[in-house]
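The lines below spell out each chain.
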Amino acid sequence: MSTNEILSGVAHKLPKDLQSAISANKIVKERWQDLTPLARNEWICWTISVKQQKTREDHIKRTVKEISQGKRRPCCWMGCVHRTDKAINPTQKWILDKKVSKS
C-alpha cells in the first residue's frame, strides 16, 4: 500500500466521491485507515446503498463527521448484505423481504 492509497472494504471498493471527502480531512483519513476492512465496508455500503443522490451526499457528509468524532461504524445500519463471506442474518433477511414485498 502506498502512503496515499485510501483503503477499501471487503465487498466494496471505495467510490470516488467518498474517497475525495475522506482525503480532504487529514484526521478522517488517518482514522479511516485505522478502521478494520469490515468497518470500512460498512461505511461504504451505507453510503452507496441509497436511492437518491442527495441522500448519498448526506451520508458522505455524515461519514466524515462521524469518523472525525471517533465513530467506527454507521449507527443503526443493518450491515452489508453484499458480503459473500457470511450468511445474511435474520434481521437483514426480514428487511430485504419487506423491501421486496413493497415493490
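Computed from a prediction, not measured in an experiment: that's the story for all the values here.

## Quick word on the overall build of the protein
Inference 1: In terms of helices and strands, the protein carries five helices and zero strands.
Inference 2: Going residue by residue from the N terminus, the α and β elements of the protein occur as α-α-α-α-α.
Inference 3: Counting every position in the protein, which comprises 103 residues, the buried fraction comes to 29%.
Inference 4: Taking the contacts inside the protein whose residues are at least 6 apart along the sequence as the reference set, 65% of them involve residues at least 24 apart.
Inference 5: For the protein, the exposed area adds up to about 6800 Å²; of that, 54% sits on carbon and sulfur atoms.

## Quick look at the environment of D34
Inference 1: Residue position: D34 is located in helix α2 (residues 26–34).
Inference 2: Look at D34 and you get exposed, because its relative accessible area is 53%.
Inference 3: As for D34 and L7, which are separated by 27 residues in sequence, their C-alpha atoms are 9.5 Å apart.

## Comments concerning the packing of α2 against helix α4 (residues 53–68)
Inference 1: Between α2 and α4, the least distance of the axes is 9 Å, while the angle of their chain directions is 80°. Relative to α4, the element α2 is oriented roughly perpendicular. The residues of α4 that touch α2, namely those facing V28, R31 and W32, are V64, I67 and S68.

Rules and cut-offs
Residues numbered from 1 in each chain as written. Predicted model: local features only at pLDDT ≥ 70, side-chain atom pairs only at ≥ 80, totals over all residues. Heavy atoms only, no water. Helix = DSSP H or I, 4+ residues; strand = E, 2+ residues; numbered from the N terminus. Buried < 20%, exposed > 50% of the residue type's maximum accessible area, 1.4 Å probe, protein only. Contact = heavy atoms within 4.5 Å. Areas by Shrake-Rupley, 256 points an atom, 1.4 Å probe, with all protein chains shown as cover. Axes fitted to C-alpha atoms, helices over the stretch in contact; angles between N-to-C directions. Parallel < 35°, antiparallel > 145°, perpendicular 65-115°, else oblique.

In short, geometric facts, not functional conclusions.
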